[in-house]
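Analysis of the macromolecular model
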Amino acid sequence: MMNRVKSTNDLELKERLVAVNRVTKVTKGGRTFTFAAIVVVGNEAGIVGWGLGKAGEVTAAIQKGTEAAKKNLIQVPVLKGTIPHEQEAKFGGAQVYLQPASQGTGVKAGGAMRAVLESVGVKDVLAKAKGSSNPHNLVKATILALSQMRDAREVAQNRGVSLNVVFNG
């Protein structure tokens, strides 16, 4: 259940470079180098997106990745600096597990997951990556897990009941 963001005009998005990969193509004239950059953008207030840019220069690849990320934004519920509930997701060989944490815990996550969680504005979370450590798949799995997050208001609205019923019974 993806909560896509329609307009990016009024958002102040910060970009984070997750990984740059140098790709070599061997031709009869020698080797040709290109670069692939994974970029995560977010407003640190519940909106995040990722993009992949490929170009002959690193800066151009980052720029293309940023533009792609801005077209790929989702809304994530962030409650008191953490996520609303536990969530698991899998993409390719990467499997991620996210768990809410009490205030002051910090972002306990590695590399690619940390970039995504900080971009969305989560301050306290426990995260674990299993399987592949490929940054492409980790970013995609983390975004998938975040896109499946639902806050209590959304659950109550979908069920057609009040918030008290969601928590008490």
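Here's a quick rundown of the structure. The structure displayed is predicted, hence computed values, not measured ones.

Thresholds, definitions, all that
Residues numbered from 1 in each chain as written. Predicted model: local features only at pLDDT ≥ 70, side-chain atom pairs only at ≥ 80, totals over all residues. Heavy atoms only, no water. Helix = DSSP H or I, 4+ residues; strand = E, 2+ residues; numbered from the N terminus. Buried < 20%, exposed > 50% of the residue type's maximum accessible area, 1.4 Å probe, protein only. Areas by Shrake-Rupley, 256 points an atom, 1.4 Å probe, with all protein chains shown as cover. Lys, Arg positive; Asp, Glu negative; His and termini not counted. Charge placed at Lys NZ, Arg CZ, Asp CG, Glu CD. Axes fitted to C-alpha atoms, helices over the stretch in contact; angles between N-to-C directions. Left-handed = near helix turned anticlockwise from the far one by under 90°. Contact = heavy atoms within 4.5 Å. Nonpolar A, V, L, I, M, F, W, Y, C, P; charged D, E, K, R; others polar. Pairing = 2+ DSSP bridges. Core = buried A, V, L, I, M, F, W, Y, C linked by side-chain atoms within 4.5 Å. Salt bridge = Lys/Arg side-chain N within 4 Å of Asp/Glu carboxyl O.

Secondary structure summary: the chain contains five helices and eight strands in total. Reading the chain from its N terminus to its C terminus gives the helix and strand order β-β-β-α-β-β-β-β-α-β-α-α-α. Overall size of the chain, expressed as C-alpha extent along the three principal axes, is 70 × 35 × 30 Å. Residue burial in the chain is summarised as follows: out of 169 residues, 37% are buried. Total accessible area on the chain stands at roughly 9,600 Å², and carbon and sulfur atoms take up 48% of it. Averaging the positions of the 23 positive and the 12 negative side-chain charges in the chain gives two centres separated by 9 Å.

Let us now look at the packing of helix H2 (residues 111–120) against helix H3 (residues 135–147). Running from amino to carboxyl end, H2 crosses H3 at an angle of 35°, the nearest separation of the two axes being 8 Å. Where H2 crosses over H3, the handedness of that crossing is right-handed. Where H2 approaches H3, its residues Ala112, Met113, Val116, Leu117 and Val120 are matched on the opposing element by Pro135, Leu138, Val139, Thr142, Ile143 and Leu146. Among the residues forming the contact of H2 with H3, the class breakdown is ten nonpolar, one polar and no charged.

Here the focus is the environment of aspartate 151. With respect to the helices, strands and loops of the structure, aspartate 151 is situated in the loop between H3 and helix H4 (152–159). Owing to a relative accessible area of 16%, aspartate 151 belongs among the buried residues under this scheme. Residues aspartate 151 and histidine 85, 66 residues apart in the sequence, show an inter-C-alpha distance of 8.1 Å. Once residues within four sequence positions are removed from consideration, aspartate 151 is found in contact with Pro77, Leu79 and Pro84.

We now examine the sheet that holds strand E2 (residues 30–42). Sheet architecture is open: four strands sit in the order E1-E2-E3-E4, paired in antiparallel fashion. Each edge of the open sheet is held by one strand with a lone partner, namely strand E1 (14–27) and strand E4 (73–75). Going from strand to strand, the sheet's axes swing by 15° on average, the running direction of each strand aside. The sheet contact formed by E1 and E2 spans 13 bridges and is antiparallel. Pairing of valine 26 across the sheet is with arginine 31, part of E2. H3 rests against E1, E2, strand E3 (47–55) and E4 of the sheet, and its axis sits at about 155° to E3.

This brings us to the nonpolar core. Counting residues in hydrophobic clusters, the biggest one holds 29 residues, and the most contacted among them are Val48, Leu98, Leu117, Val139 and Leu146. By residue number, the principal contributor to this core is H3, which donates six residues. Of all hydrophobic cores here, the second largest spans nine residues; its members include Val41, Ala55, Ile62 and Leu73.

This paragraph deals with the pattern of salt bridges. Using the criterion set out here, one finds four salt bridges in the structure. Notably, a salt bridge pairs lysine 14 with glutamate 44, separated by 3.4 Å at the nearest N-O pair. Separated by 30 residues along the polypeptide, lysine 14 in strand E1 and glutamate 44 in the loop between E2 and E3 bring together distant segments of the chain. On the basis of relative accessibility, which here comes to 47%, the residue lysine 14 falls in the partly exposed class. A relative accessible area of 27% means that glutamate 44 is categorised as partly exposed. Counted as one network, the salt bridges with shared partners bring together Lys14, Arg16, Glu44, Arg114 and Glu118.

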